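# Observations on the model geometry
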Amino acid sequence: MEINVWLELLLLLPTVTSFIGVIIGGIFFNKLNDYCKYIYFYLVAAFITDLASRYLDIIINNNLILVSAFGFIELLIFSMIYYKLLSKTHHWSFKPVIAVLLLLIIVDIIFVKPLDIQSFNSYGRVLDGLTIILLSLYFYWKVLKKDVIVKVEILRFNGVVLLFFLVNTLLFLTTNFLVNTPYNVVFSILLINIIATPIFYIFLTFQLWLNGKIQKP
Amino acid sequence: MAQWQDSETLVLWITIVFLIVLLLGVAIVVFIQMHVKRMIIAQEKLSAEKIKHQKELLDSSVKVQERERERIASDLHDELIGKLNIILLASASQRTEVDTKKMLQDSIDIARRISHDLSPPLLEETSLAEWIRDMVLPLKEFYTVILTITEESSLLISKDVKLQLIRIIQEVINNCIKHAKATQMAFTLRETKKYIALKITDNGVGFKTIEKPEGLGLRNIELRMQLLNGTYKLTSSKEDGTSLVLLVKFPIA
(Lines give C-alpha, C1' and ligand atoms only; values in the text may rest on other atoms or scores of the structure.)
Protein backbone atom coordinates (compact mmCIF):
# COMPACT_ATOMS: atom_id res chain seq x y z
CA MET A 1 0.00 0.00 0.00
CA GLU A 2 1.18 3.51 -0.72
CA ILE A 3 1.96 5.98 2.03
CA ASN A 4 -1.01 8.16 1.03
CA VAL A 5 -3.43 5.27 1.53
CA TRP A 6 -1.95 4.66 4.97
CA LEU A 7 -2.37 8.32 5.80
CA GLU A 8 -5.98 8.28 4.58
CA LEU A 9 -6.65 5.31 6.83
CA LEU A 10 -4.90 7.02 9.73
CA LEU A 11 -7.05 10.14 9.25
CA LEU A 12 -10.11 7.93 9.44
CA LEU A 13 -9.15 6.64 12.89
CA PRO A 14 -10.65 9.54 14.95
CA THR A 15 -13.94 9.16 13.03
CA VAL A 16 -14.06 5.40 13.54
CA THR A 17 -13.08 5.50 17.24
CA SER A 18 -15.52 8.32 18.06
CA PHE A 19 -18.25 6.40 16.21
CA ILE A 20 -17.50 3.26 18.28
CA GLY A 21 -17.69 5.48 21.40
CA VAL A 22 -21.07 6.85 20.30
CA ILE A 23 -22.43 3.32 19.75
CA ILE A 24 -21.11 1.89 23.04
CA GLY A 25 -22.12 5.00 25.00
CA GLY A 26 -25.60 4.82 23.41
CA ILE A 27 -26.02 1.20 24.54
CA PHE A 28 -25.10 2.00 28.15
CA PHE A 29 -26.46 5.58 28.26
CA ASN A 30 -29.21 4.96 30.85
CA LYS A 31 -26.76 3.17 33.13
CA LEU A 32 -24.09 5.90 32.99
CA ASN A 33 -23.54 8.28 35.86
CA ASP A 34 -23.57 12.05 35.32
CA TYR A 35 -19.94 12.67 34.38
CA CYS A 36 -19.93 9.72 31.97
CA LYS A 37 -23.04 11.08 30.25
CA TYR A 38 -21.03 14.23 29.51
CA ILE A 39 -18.18 12.07 28.17
CA TYR A 40 -20.75 10.50 25.85
CA PHE A 41 -21.92 13.97 24.68
CA TYR A 42 -18.26 14.82 24.03
CA LEU A 43 -17.82 11.75 21.83
CA VAL A 44 -21.04 12.58 19.96
CA ALA A 45 -19.79 16.16 19.44
CA ALA A 46 -16.40 14.84 18.26
CA PHE A 47 -18.04 12.47 15.79
CA ILE A 48 -20.41 15.10 14.39
CA THR A 49 -17.57 17.67 14.14
CA ASP A 50 -15.43 15.12 12.31
CA LEU A 51 -18.17 14.42 9.77
CA ALA A 52 -18.94 18.14 9.42
CA SER A 53 -15.28 18.97 8.84
CA ARG A 54 -15.06 16.38 6.06
CA TYR A 55 -18.25 17.75 4.53
CA LEU A 56 -17.05 21.37 4.70
CA ASP A 57 -13.73 20.33 3.21
CA ILE A 58 -15.53 18.87 0.22
CA ILE A 59 -18.01 21.77 -0.18
CA ILE A 60 -15.91 24.90 0.48
CA ASN A 61 -12.45 23.40 0.90
CA ASN A 62 -12.13 25.07 4.32
CA ASN A 63 -13.17 23.58 7.65
CA LEU A 64 -11.09 25.84 9.95
CA ILE A 65 -14.18 27.36 11.60
CA LEU A 66 -14.76 24.00 13.25
CA VAL A 67 -11.39 24.11 15.05
CA SER A 68 -12.49 26.93 17.35
CA ALA A 69 -16.14 25.80 17.36
CA PHE A 70 -15.09 22.36 18.63
CA GLY A 71 -12.85 24.12 21.18
CA PHE A 72 -15.96 25.89 22.48
CA ILE A 73 -17.95 22.63 22.76
CA GLU A 74 -14.97 20.82 24.30
CA LEU A 75 -14.50 23.46 27.00
CA LEU A 76 -18.23 23.56 27.72
CA ILE A 77 -18.46 19.77 28.15
CA PHE A 78 -15.23 19.33 30.15
CA SER A 79 -16.12 22.21 32.48
CA MET A 80 -19.46 20.44 33.08
CA ILE A 81 -17.60 17.16 33.74
CA TYR A 82 -15.31 18.82 36.30
CA TYR A 83 -18.25 20.72 37.79
CA LYS A 84 -19.88 17.34 38.44
CA LEU A 85 -16.66 15.69 39.66
CA LEU A 86 -15.84 18.53 42.05
CA SER A 87 -19.48 18.50 43.23
CA LYS A 88 -19.84 21.18 45.93
CA THR A 89 -16.13 21.72 46.55
CA HIS A 90 -15.44 24.01 43.58
CA HIS A 91 -14.57 27.67 44.05
CA TRP A 92 -17.35 30.26 43.68
CA SER A 93 -15.52 31.72 40.66
CA PHE A 94 -15.71 28.43 38.72
CA LYS A 95 -18.82 29.29 36.68
CA PRO A 96 -17.97 32.99 35.97
CA VAL A 97 -14.41 32.14 34.83
CA ILE A 98 -15.64 29.39 32.50
CA ALA A 99 -18.34 31.73 31.15
CA VAL A 100 -15.72 34.42 30.38
CA LEU A 101 -13.44 31.88 28.66
CA LEU A 102 -16.31 30.56 26.56
CA LEU A 103 -17.12 34.16 25.60
CA LEU A 104 -13.50 34.69 24.57
CA ILE A 105 -13.66 31.65 22.27
CA ILE A 106 -16.87 33.04 20.70
CA VAL A 107 -15.10 36.37 20.18
CA ASP A 108 -12.20 34.46 18.58
CA ILE A 109 -14.60 32.67 16.21
CA ILE A 110 -16.40 35.90 15.23
CA PHE A 111 -13.47 38.26 14.81
CA VAL A 112 -10.67 36.06 13.50
CA LYS A 113 -12.41 35.37 10.16
CA PRO A 114 -11.89 31.61 10.10
CA LEU A 115 -12.76 31.42 6.44
CA ASP A 116 -9.62 33.39 5.67
CA ILE A 117 -6.80 30.82 5.79
CA GLN A 118 -4.11 33.49 5.94
CA SER A 119 -5.42 35.16 9.10
CA PHE A 120 -6.48 31.95 10.88
CA ASN A 121 -5.01 31.06 14.25
CA SER A 122 -5.80 28.38 16.80
CA TYR A 123 -5.83 30.58 19.92
CA GLY A 124 -9.40 29.58 20.78
CA ARG A 125 -8.36 25.97 20.79
CA VAL A 126 -5.26 26.72 22.88
CA LEU A 127 -7.39 28.62 25.38
CA ASP A 128 -9.76 25.65 25.59
CA GLY A 129 -6.87 23.20 26.10
CA LEU A 130 -5.14 25.32 28.74
CA THR A 131 -8.38 25.70 30.67
CA ILE A 132 -8.98 21.95 30.68
CA ILE A 133 -5.37 21.37 31.84
CA LEU A 134 -5.94 23.84 34.69
CA LEU A 135 -9.25 22.16 35.57
CA SER A 136 -7.48 18.80 35.68
CA LEU A 137 -4.71 20.19 37.92
CA TYR A 138 -7.34 21.90 40.12
CA PHE A 139 -9.08 18.55 40.49
CA TYR A 140 -5.78 16.90 41.50
CA TRP A 141 -5.23 19.66 44.05
CA LYS A 142 -8.68 19.04 45.53
CA VAL A 143 -7.94 15.29 45.69
CA LEU A 144 -4.64 15.90 47.48
CA LYS A 145 -6.39 18.28 49.90
CA LYS A 146 -8.90 15.43 50.51
CA ASP A 147 -11.78 17.76 49.58
CA VAL A 148 -12.90 15.24 46.99
CA ILE A 149 -13.05 11.51 47.56
CA VAL A 150 -12.43 9.78 44.27
CA LYS A 151 -12.50 6.32 42.82
CA VAL A 152 -9.41 5.03 41.00
CA GLU A 153 -11.48 5.11 37.79
CA ILE A 154 -12.01 8.90 38.03
CA LEU A 155 -8.39 9.50 38.96
CA ARG A 156 -7.27 7.58 35.88
CA PHE A 157 -9.69 9.62 33.75
CA ASN A 158 -8.22 12.86 35.09
CA GLY A 159 -4.67 11.68 34.40
CA VAL A 160 -5.47 10.78 30.79
CA VAL A 161 -7.31 14.10 30.25
CA LEU A 162 -4.29 16.00 31.58
CA LEU A 163 -1.81 14.15 29.33
CA PHE A 164 -4.00 14.31 26.23
CA PHE A 165 -4.67 18.03 26.54
CA LEU A 166 -1.00 18.73 27.26
CA VAL A 167 -0.11 17.10 23.94
CA ASN A 168 -3.09 18.61 22.13
CA THR A 169 -2.59 22.16 23.40
CA LEU A 170 1.15 22.18 22.75
CA LEU A 171 0.51 21.05 19.20
CA PHE A 172 -2.09 23.74 18.54
CA LEU A 173 0.13 26.33 20.22
CA THR A 174 3.08 25.48 17.99
CA THR A 175 1.13 25.58 14.71
CA ASN A 176 1.17 29.40 14.92
CA PHE A 177 4.98 29.36 14.91
CA LEU A 178 5.39 26.90 12.07
CA VAL A 179 4.26 29.09 9.16
CA ASN A 180 7.65 28.97 7.47
CA THR A 181 8.35 25.33 8.28
CA PRO A 182 8.23 22.78 5.45
CA TYR A 183 4.90 20.92 5.15
CA ASN A 184 6.40 17.50 5.95
CA VAL A 185 7.76 18.78 9.31
CA VAL A 186 4.41 20.36 10.26
CA PHE A 187 2.63 17.18 9.23
CA SER A 188 4.92 15.02 11.37
CA ILE A 189 4.06 17.20 14.37
CA LEU A 190 0.34 17.05 13.59
CA LEU A 191 0.67 13.28 13.17
CA ILE A 192 1.18 13.03 16.96
CA ASN A 193 -2.25 14.59 17.38
CA ILE A 194 -3.77 12.27 14.78
CA ILE A 195 -2.48 9.30 16.79
CA ALA A 196 -3.22 10.74 20.26
CA THR A 197 -6.85 11.64 19.45
CA PRO A 198 -8.12 8.11 18.62
CA ILE A 199 -6.25 6.74 21.65
CA PHE A 200 -8.06 9.33 23.79
CA TYR A 201 -11.43 8.40 22.23
CA ILE A 202 -10.74 4.70 22.83
CA PHE A 203 -9.94 5.47 26.46
CA LEU A 204 -13.17 7.48 26.84
CA THR A 205 -15.14 4.65 25.24
CA PHE A 206 -13.51 2.18 27.65
CA GLN A 207 -14.49 4.50 30.52
CA LEU A 208 -18.12 4.50 29.29
CA TRP A 209 -18.14 0.72 28.95
CA LEU A 210 -16.64 0.29 32.42
CA ASN A 211 -19.11 2.69 33.99
CA GLY A 212 -22.13 1.29 32.13
CA LYS A 213 -21.15 -2.25 33.04
CA ILE A 214 -20.94 -1.50 36.78
CA GLN A 215 -23.69 1.07 37.27
CA LYS A 216 -27.25 -0.08 37.84
CA PRO A 217 -30.07 1.49 35.78
CA MET B 1 14.96 36.22 9.40
CA ALA B 2 16.30 35.80 12.93
CA GLN B 3 18.11 32.57 13.77
CA TRP B 4 15.35 31.39 16.10
CA GLN B 5 12.85 31.71 13.22
CA ASP B 6 14.83 29.15 11.25
CA SER B 7 12.49 26.16 10.82
CA GLU B 8 15.00 23.56 12.01
CA THR B 9 15.81 25.52 15.21
CA LEU B 10 12.11 26.09 15.79
CA VAL B 11 11.22 22.43 15.39
CA LEU B 12 14.11 21.42 17.65
CA TRP B 13 13.00 23.79 20.41
CA ILE B 14 9.36 22.82 20.00
CA THR B 15 10.34 19.16 20.34
CA ILE B 16 12.43 19.84 23.46
CA VAL B 17 9.69 21.92 25.12
CA PHE B 18 7.10 19.34 24.09
CA LEU B 19 9.11 16.49 25.63
CA ILE B 20 9.82 18.43 28.84
CA VAL B 21 6.16 19.38 29.32
CA LEU B 22 5.04 15.86 28.51
CA LEU B 23 7.53 14.35 30.97
CA LEU B 24 6.38 16.82 33.60
CA GLY B 25 2.76 15.86 32.92
CA VAL B 26 3.54 12.14 33.17
CA ALA B 27 5.47 12.74 36.39
CA ILE B 28 2.54 14.66 37.92
CA VAL B 29 0.05 11.97 36.93
CA VAL B 30 2.25 9.10 38.19
CA PHE B 31 3.10 10.89 41.44
CA ILE B 32 -0.51 11.76 42.26
CA GLN B 33 -1.76 8.34 41.19
CA MET B 34 0.76 6.68 43.53
CA HIS B 35 0.07 9.13 46.35
CA VAL B 36 -3.71 8.64 46.16
CA LYS B 37 -3.30 4.86 45.98
CA ARG B 38 -1.18 5.03 49.13
CA MET B 39 -3.86 7.22 50.72
CA ILE B 40 -6.57 4.69 49.79
CA ILE B 41 -4.50 1.80 51.21
CA ALA B 42 -3.92 3.75 54.45
CA GLN B 43 -7.64 4.52 54.69
CA GLU B 44 -8.53 0.88 54.13
CA LYS B 45 -6.05 -0.11 56.84
CA LEU B 46 -7.60 2.43 59.20
CA SER B 47 -11.11 1.18 58.43
CA ALA B 48 -9.98 -2.41 59.03
CA GLU B 49 -8.46 -1.35 62.38
CA LYS B 50 -11.69 0.43 63.31
CA ILE B 51 -13.77 -2.64 62.43
CA LYS B 52 -11.40 -4.83 64.43
CA HIS B 53 -11.66 -2.47 67.39
CA GLN B 54 -15.46 -2.41 67.16
CA LYS B 55 -15.48 -6.22 67.09
CA GLU B 56 -13.31 -6.25 70.19
CA LEU B 57 -15.68 -3.82 71.89
CA LEU B 58 -18.67 -5.97 70.93
CA ASP B 59 -16.87 -9.02 72.25
CA SER B 60 -16.14 -7.14 75.48
CA SER B 61 -19.75 -6.06 75.85
CA VAL B 62 -20.88 -9.69 75.55
CA LYS B 63 -18.26 -10.71 78.12
CA VAL B 64 -19.31 -7.88 80.45
CA GLN B 65 -22.90 -9.08 80.21
CA GLU B 66 -21.81 -12.62 81.01
CA ARG B 67 -19.70 -11.38 83.93
CA GLU B 68 -22.71 -9.48 85.29
CA ARG B 69 -24.92 -12.55 84.95
CA GLU B 70 -22.34 -14.64 86.80
CA ARG B 71 -22.15 -12.03 89.57
CA ILE B 72 -25.93 -11.88 89.94
CA ALA B 73 -26.15 -15.71 89.89
CA SER B 74 -23.43 -15.88 92.53
CA ASP B 75 -25.18 -13.21 94.68
CA LEU B 76 -28.46 -15.09 94.42
CA HIS B 77 -26.90 -18.50 95.06
CA ASP B 78 -24.41 -17.64 97.81
CA GLU B 79 -26.38 -15.08 99.75
CA LEU B 80 -30.10 -15.17 99.06
CA ILE B 81 -30.68 -18.88 98.39
CA GLY B 82 -28.41 -19.85 101.32
CA LYS B 83 -30.43 -17.71 103.70
CA LEU B 84 -33.79 -18.87 102.30
CA ASN B 85 -32.70 -22.53 102.65
CA ILE B 86 -31.85 -22.00 106.32
CA ILE B 87 -35.28 -20.37 106.87
CA LEU B 88 -36.94 -23.32 105.07
CA LEU B 89 -35.07 -25.89 107.14
CA ALA B 90 -35.75 -23.97 110.36
CA SER B 91 -39.47 -23.71 109.67
CA ALA B 92 -39.62 -27.41 108.71
CA SER B 93 -37.79 -28.58 111.83
CA GLN B 94 -39.49 -26.05 114.17
CA ARG B 95 -36.05 -25.00 115.56
CA THR B 96 -36.27 -21.86 117.67
CA GLU B 97 -32.55 -20.88 117.76
CA VAL B 98 -32.77 -19.56 114.18
CA ASP B 99 -34.04 -15.98 114.06
CA THR B 100 -36.21 -16.44 110.99
CA LYS B 101 -37.58 -12.91 111.18
CA LYS B 102 -34.07 -11.40 110.99
CA MET B 103 -33.05 -13.80 108.26
CA LEU B 104 -36.12 -12.90 106.23
CA GLN B 105 -35.30 -9.21 106.66
CA ASP B 106 -31.68 -9.93 105.51
CA SER B 107 -33.02 -11.81 102.49
CA ILE B 108 -35.26 -8.89 101.57
CA ASP B 109 -32.25 -6.54 101.89
CA ILE B 110 -30.13 -8.78 99.67
CA ALA B 111 -32.91 -9.03 97.07
CA ARG B 112 -33.34 -5.23 97.18
CA ARG B 113 -29.58 -4.71 96.71
CA ILE B 114 -29.48 -7.08 93.74
CA SER B 115 -32.52 -5.37 92.26
CA HIS B 116 -30.94 -1.92 92.77
CA ASP B 117 -27.72 -3.14 91.19
CA LEU B 118 -29.64 -4.32 88.16
CA SER B 119 -31.66 -1.17 87.80
CA PRO B 120 -30.96 1.82 90.02
CA PRO B 121 -34.21 3.04 91.59
CA LEU B 122 -35.55 6.57 91.15
CA LEU B 123 -33.15 7.09 88.30
CA GLU B 124 -35.34 9.72 86.69
CA GLU B 125 -36.01 11.67 89.87
CA THR B 126 -32.46 11.68 91.25
CA SER B 127 -29.82 14.00 89.79
CA LEU B 128 -26.44 12.74 88.66
CA ALA B 129 -24.75 14.75 91.40
CA GLU B 130 -26.91 13.04 94.05
CA TRP B 131 -26.08 9.68 92.53
CA ILE B 132 -22.38 10.37 92.74
CA ARG B 133 -22.74 11.54 96.35
CA ASP B 134 -24.53 8.29 97.21
CA MET B 135 -21.93 6.19 95.43
CA VAL B 136 -18.91 7.77 97.09
CA LEU B 137 -20.44 7.78 100.57
CA PRO B 138 -19.41 4.19 101.45
CA LEU B 139 -15.91 4.89 100.12
CA LYS B 140 -15.28 7.53 102.78
CA GLU B 141 -14.83 4.77 105.33
CA PHE B 142 -11.66 3.53 103.59
CA TYR B 143 -10.43 6.42 101.41
CA THR B 144 -9.97 10.14 101.48
CA VAL B 145 -12.66 11.26 99.07
CA ILE B 146 -12.70 14.72 97.50
CA LEU B 147 -15.96 15.56 95.81
CA THR B 148 -16.38 18.74 93.74
CA ILE B 149 -19.68 19.31 92.02
CA THR B 150 -20.57 22.33 89.89
CA GLU B 151 -24.09 22.43 88.50
CA GLU B 152 -24.51 25.43 86.25
CA SER B 153 -27.68 24.21 84.75
CA SER B 154 -30.90 22.74 86.00
CA LEU B 155 -30.99 20.72 82.80
CA LEU B 156 -32.51 17.32 83.28
CA ILE B 157 -30.14 14.66 82.05
CA SER B 158 -32.01 11.79 80.48
CA LYS B 159 -32.34 8.50 82.34
CA ASP B 160 -30.23 6.65 79.75
CA VAL B 161 -27.33 9.10 79.95
CA LYS B 162 -27.41 9.01 83.72
CA LEU B 163 -27.44 5.21 83.76
CA GLN B 164 -24.43 4.96 81.44
CA LEU B 165 -22.46 7.49 83.51
CA ILE B 166 -23.37 5.71 86.75
CA ARG B 167 -22.14 2.41 85.28
CA ILE B 168 -18.88 4.03 84.24
CA ILE B 169 -18.37 5.51 87.71
CA GLN B 170 -19.13 2.11 89.25
CA GLU B 171 -16.59 0.51 86.93
CA VAL B 172 -13.93 3.09 87.82
CA ILE B 173 -14.58 2.69 91.55
CA ASN B 174 -14.40 -1.11 91.22
CA ASN B 175 -11.12 -0.88 89.30
CA CYS B 176 -9.70 1.48 91.89
CA ILE B 177 -10.67 -0.79 94.77
CA LYS B 178 -9.38 -3.94 93.01
CA HIS B 179 -6.12 -2.74 91.45
CA ALA B 180 -5.08 0.80 92.32
CA LYS B 181 -4.04 0.43 95.99
CA ALA B 182 -5.05 4.08 96.34
CA THR B 183 -5.63 6.03 99.55
CA GLN B 184 -7.33 9.00 97.94
CA MET B 185 -10.02 9.40 95.29
CA ALA B 186 -11.32 12.64 93.78
CA PHE B 187 -14.51 13.18 91.80
CA THR B 188 -15.14 16.43 89.93
CA LEU B 189 -18.44 16.89 88.14
CA ARG B 190 -19.38 19.88 86.04
CA GLU B 191 -22.80 20.11 84.48
CA THR B 192 -23.68 22.91 82.08
CA LYS B 193 -26.35 23.37 79.41
CA LYS B 194 -23.86 22.27 76.79
CA TYR B 195 -21.96 19.42 78.39
CA ILE B 196 -21.28 17.17 81.34
CA ALA B 197 -17.65 16.77 82.34
CA LEU B 198 -16.53 14.30 84.93
CA LYS B 199 -13.02 13.75 86.24
CA ILE B 200 -12.13 10.85 88.48
CA THR B 201 -8.60 10.59 89.87
CA ASP B 202 -6.81 8.41 92.36
CA ASN B 203 -3.32 8.36 93.85
CA GLY B 204 -2.85 4.64 93.27
CA VAL B 205 -0.14 2.62 91.55
CA GLY B 206 -1.38 3.37 88.04
CA PHE B 207 -0.60 1.38 84.90
CA LYS B 208 0.95 1.87 81.48
CA THR B 209 -1.79 3.27 79.24
CA ILE B 210 0.17 2.36 76.08
CA GLU B 211 -0.23 -1.31 76.89
CA LYS B 212 -3.73 -2.57 76.29
CA PRO B 213 -5.26 -3.53 79.62
CA GLU B 214 -6.39 -7.12 79.69
CA GLY B 215 -9.50 -6.50 81.81
CA LEU B 216 -12.90 -5.66 80.43
CA GLY B 217 -13.33 -2.54 82.54
CA LEU B 218 -11.77 -0.01 80.18
CA ARG B 219 -13.46 -1.48 77.14
CA ASN B 220 -16.72 -1.28 79.00
CA ILE B 221 -16.08 2.42 79.65
CA GLU B 222 -15.19 3.00 76.00
CA LEU B 223 -18.31 1.21 74.81
CA ARG B 224 -20.55 3.25 77.08
CA MET B 225 -18.87 6.50 76.01
CA GLN B 226 -19.47 5.53 72.38
CA LEU B 227 -23.14 5.04 73.20
CA LEU B 228 -23.20 8.55 74.66
CA ASN B 229 -21.24 9.88 71.68
CA GLY B 230 -18.84 11.28 74.22
CA THR B 231 -15.08 11.40 74.54
CA TYR B 232 -12.78 10.25 77.30
CA LYS B 233 -9.14 10.57 78.20
CA LEU B 234 -7.30 8.19 80.45
CA THR B 235 -3.89 9.01 81.87
CA SER B 236 -2.00 6.90 84.31
CA SER B 237 1.47 6.81 85.81
CA LYS B 238 3.17 5.26 88.81
CA GLU B 239 3.89 8.69 90.29
CA ASP B 240 0.55 10.43 89.76
CA GLY B 241 -1.95 7.56 89.85
CA THR B 242 -4.80 7.35 87.37
CA SER B 243 -7.04 10.04 85.94
CA LEU B 244 -10.11 9.60 83.78
CA VAL B 245 -11.86 12.54 82.16
CA LEU B 246 -15.26 12.04 80.55
CA LEU B 247 -16.98 14.60 78.35
CA VAL B 248 -20.51 14.29 77.03
CA LYS B 249 -21.77 17.11 74.85
CA PHE B 250 -25.44 18.00 74.30
CA PRO B 251 -27.42 17.22 72.28
CA ILE B 252 -26.33 13.60 72.18
CA ALA B 253 -26.52 12.45 68.56
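Below, the structure is looked at part by part. Everything quoted here is computed from the prediction, not taken from an experiment.

## A few points about the overall build of chain A
A count of helices and strands for chain A gives seven helices and zero strands. Listed by position from the N terminus, the elements making up chain A come as α-α-α-α-α-α-α. Counting only residues that meet the buried cut, chain A has 35% of its 217 residues in that class. Contacts in chain A between residues far apart in sequence, at least 24 positions, make up 77% of those at least 6 positions apart.

## Some thoughts on the pairing of strand β5 (residues 241–249) of chain B
Consecutive residues of a regular strand have side chains that alternate between opposite faces of the sheet. Residues and elements named next belong to chain B. Direction of pairing for strand β3 (residues 195–202) relative to β5: antiparallel, over a ladder of eight bridges. Within β5, the residue paired with Ile196 across the bridge is Val248. One ladder, built from seven bridges, connects strand β4 (residues 231–237) with β5; its direction is antiparallel. Residue pairing in the sheet places Lys233 in a bridge with Val245 of β5. The hairpin turn running from β4 into β5, its antiparallel successor, is three residues long.

## A look at the packing of helix α3 (residues 65–85) of chain A against helix α4 (residues 94–111) of chain A
Packed helix pairs are specified by the crossing angle of their axes together with the interaxial distance, meaning the distance between the axes. All names here are of chain A. Two numbers describe how α3 lies on α4: the axes approach to 9 Å, and their chain directions differ by 170°. As the angle between them shows, α3 and α4 are arranged roughly antiparallel. When α3 is examined against α4, the residues Ile65, Ser68, Ala69, Gly71, Phe72, Leu75, Leu76, Ser79 and Tyr83 are found in contact with a partner set consisting of Phe94, Ile98, Leu101, Leu102, Ile105, Ile106, Asp108 and Ile109.

## As for the packing of helix α6 (residues 152–175) of chain A against helix α1 (residues 7–93) of chain B
For the pair α6 of chain A and α1 of chain B, the least separation of the axes is 10 Å and the interaxial angle reads 170°. One way to sum up the angle between α6 of chain A and α1 of chain B is to call them roughly antiparallel. Of α1 of chain B, the residues touching α6 of chain A (which contributes Leu155, Gly159, Leu162, Leu163, Leu166, Val167, Leu170 and Thr174 of chain A) are Ile14, Phe18, Val21, Leu22, Gly25, Val26, Val29, Gln33 and Val36 of chain B. Broken down by class, the residue content of the contact of α6 of chain A with α1 of chain B amounts to 13 nonpolar, four polar and no charged.

## Quick word on the environment of Leu204 of chain A
Residues and elements named next belong to chain A. Position of Leu204 relative to the elements: it lies in helix α7 (residues 183–214). With 162 residues separating them along the chain, Leu204 and Tyr42 place their C-alpha atoms 9.4 Å apart. Once residues within four sequence positions are removed from consideration, Leu204 is found in contact with Gly21, Ile39 and Leu43.

## A closer look at unusual backbone geometry
Here the phi dihedral of Lys146 of chain A falls at roughly 65°; this positive angle occurs in a residue that is not glycine. Among the structural elements, Lys146 of chain A can be located in the loop between α5 (123–144) and α6. A positive phi is found at Lys181 of chain B, a non-glycine position, where the angle reads about 55°. When you line up the elements, Lys181 of chain B lands in the loop between α4 (159–180) and β2 (184–191).

## Some remarks on α1 of chain B
Over its 87 residues, α1 of chain B runs 125 Å from end to end, which matches the ideal 129 Å to within 8%, given 1.5 Å per residue. Considering bend angle alone, the principal kink of α1 of chain B is centred on Ile81 of chain B and spans about 35°. Taken across its 87 residues, α1 of chain B has four buried, putting it largely on the surface. At its buried positions, α1 of chain B is contacted by α5 and α6 of chain A together with α2 (100–118) of chain B. The first or second residue beyond α1 of chain B is Gln94 of chain B, which carries a positive phi of 60°.

## What about the interface of chain A and chain B?
The extent of an interface is frequently quoted as the accessible surface area lost upon association of the parts. Contacts between the two partners involve 17 residues from chain A and, on the opposite side, 15 residues from chain B. Looking at the side of chain A that touches chain B, the elements that each hand over two or more residues are α5 and α6 of chain A. Counting residues per element, the side of chain A that touches chain B draws most heavily on α6 of chain A, at eight residues.

## Observations regarding the environment of Val112 of chain A
Mapping Val112 of chain A onto the fold places it in the loop between α4 and α5. In sequence terms Val112 of chain A and Tyr123 of chain A are 11 residues apart; their C-alpha atoms lie 9.7 Å from each other.

Conventions and cut-offs
- Residues numbered from 1 in each chain as written.
- Chains lettered and ligands numbered in written order.
- Predicted model: local features only at pLDDT ≥ 70, side-chain atom pairs only at ≥ 80, totals over all residues.
- Helix = DSSP H or I, 4+ residues; strand = E, 2+ residues; numbered from the N terminus.
- Buried ≥ 20, exposed ≤ 12 C-beta atoms within 10 Å, placed from the backbone.
- Contact = placed C-beta atoms within 7 Å.
- Pairing = 2+ DSSP bridges.
- Axes fitted to C-alpha atoms, helices over the stretch in contact; angles between N-to-C directions.
- Parallel < 35°, antiparallel > 145°, perpendicular 65-115°, else oblique.
- Nonpolar A, V, L, I, M, F, W, Y, C, P; charged D, E, K, R; others polar.
- Expected span 1.5 Å × (residues − 1).
- Bend = angle between axes of the 7 residues up to and from the residue.

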